[in-house]
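# Examining the three-dimensional arrangement
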Amino acid sequence: MMAGLVLIMWVGARLALNGLDGWPSAVAGGVGVCGVVTWRAIRRRRRDATAIGAEAGTVPSLDRRIMKEELPDDPAEREAMGRLVRRRLGKIQRNQKWALPLMAIFCCAPAVLWFVRGRTTSGAVAAVFGVVFFVWLVWMNRRVLRRLTRMDERLGGVGRQSAAVR
């Protein structure tokens, strides 16, 4: 589903910026980006499954349960969820120091480049979209962090490993 959304957004953005004449390259680029997003999602799922000691197919169902804040009844699944929550919390807290400032630069860079080139209208549109997108990213980051923290508290110590095992 995510890959389809990326494809639609990519093609829509390319057609909006370059006009309808460039639709073949927009679709080809969209399919390429779609492939990369799909590959990264599958790779992440496999790495998460290996890290928490579960099957790759159980990670999406655990993710859905985390999103709904539902605790599984099965003790093994609850333990896997605890490990997944701890893993995600650790990654967010570790990468938050550099990821958000870097995303701020990526969100503002197109606007700055267009302003420098003298394209004030494109720069203004890019600035508005960049700021809105960055605010949305910060909001989503905080929302996910709160949800994971609540799930970690509800799970208690289930799925935690000692520092030597990690």
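## Considering the overall build of the chain
A tally of helices and strands in the chain yields 5 helices and 0 strands. Its C-alpha atoms give the chain a radius of gyration of 20 Å, more than 25% over the compact-globule value 15 Å for 166 residues. Seen through its C-alpha atoms, the chain measures out along the principal axes to roughly 60 × 30 × 30 Å. Burial statistics for the chain: of 166 residues in total, 24% are counted as buried. Surface accessibility of the chain: about 11,300 Å² in total, with carbon and sulfur atoms responsible for 65%. Placing the 28 positive and 12 negative side-chain charges of the chain at their respective mean positions leaves the two points 10 Å apart.

## Points about the side chain of arginine 83
Tracing the chain through its elements places arginine 83 in helix H4 (residues 75-116). On the accessibility criterion, arginine 83 (16% relative accessible area) is buried. There is a polar contact of 2.6 Å between the side chain of arginine 83 and the backbone oxygen of isoleucine 52.

## Looking at the confidence of the model for the chain
Per-residue confidence for the chain gives a mean pLDDT of 86; residues scoring 70 or more make up 93%. Low pLDDT, under 50, characterises residues 162-166; the stretch is placed with 1 contact to residues that sit more than four places away or in other chains.

## A closer look at the nonpolar core
Counting 15 residues, the largest nonpolar core has Ile52, Leu62, Ile66, Met81, Val85 and Leu148 as the members making the most contacts within it. Of all elements in the fold, only helix H2 (23-52), helix H3 (58-68), H4 and helix H5 (120-155) reach the threshold of two or more residues within this core. By residue number, the principal contributor to this core is H4, which donates 6 residues. When neighbours within four sequence positions are excluded, isoleucine 66 is seen to be in contact with Met81, Leu84, Val85, Arg147, Leu148 and Met151.

## Thoughts on H2
Since there are 3.6 residues in each turn of an α-helix, residues three or four apart along the chain are aligned in direction. Between its first and last C-alpha atoms H2 spans 43 Å; for 30 residues at 1.5 Å apiece the expected length is 44 Å, and the two agree. For H2, the set of buried residues is Ala26, Gly30, Cys34, Asp48, Ala49 and Ile52.

Conventions we followed
Residues numbered from 1 in each chain as written. Predicted model: local features only at pLDDT ≥ 70, side-chain atom pairs only at ≥ 80, totals over all residues. Heavy atoms only, no water. Helix = DSSP H or I, 4+ residues; strand = E, 2+ residues; numbered from the N terminus. Rg over C-alpha atoms; globule rule 2.2 N^0.38 Å. Buried < 20%, exposed > 50% of the residue type's maximum accessible area, 1.4 Å probe, protein only. Areas by Shrake-Rupley, 256 points an atom, 1.4 Å probe, with all protein chains shown as cover. Lys, Arg positive; Asp, Glu negative; His and termini not counted. Charge placed at Lys NZ, Arg CZ, Asp CG, Glu CD. Polar contact = N/O pair within 3.5 Å; in protein donor to acceptor, adjacent residues only side chain to side chain. pLDDT = per-residue confidence, 0-100. Contact = heavy atoms within 4.5 Å. Core = buried A, V, L, I, M, F, W, Y, C linked by side-chain atoms within 4.5 Å. Expected span 1.5 Å × (residues − 1).

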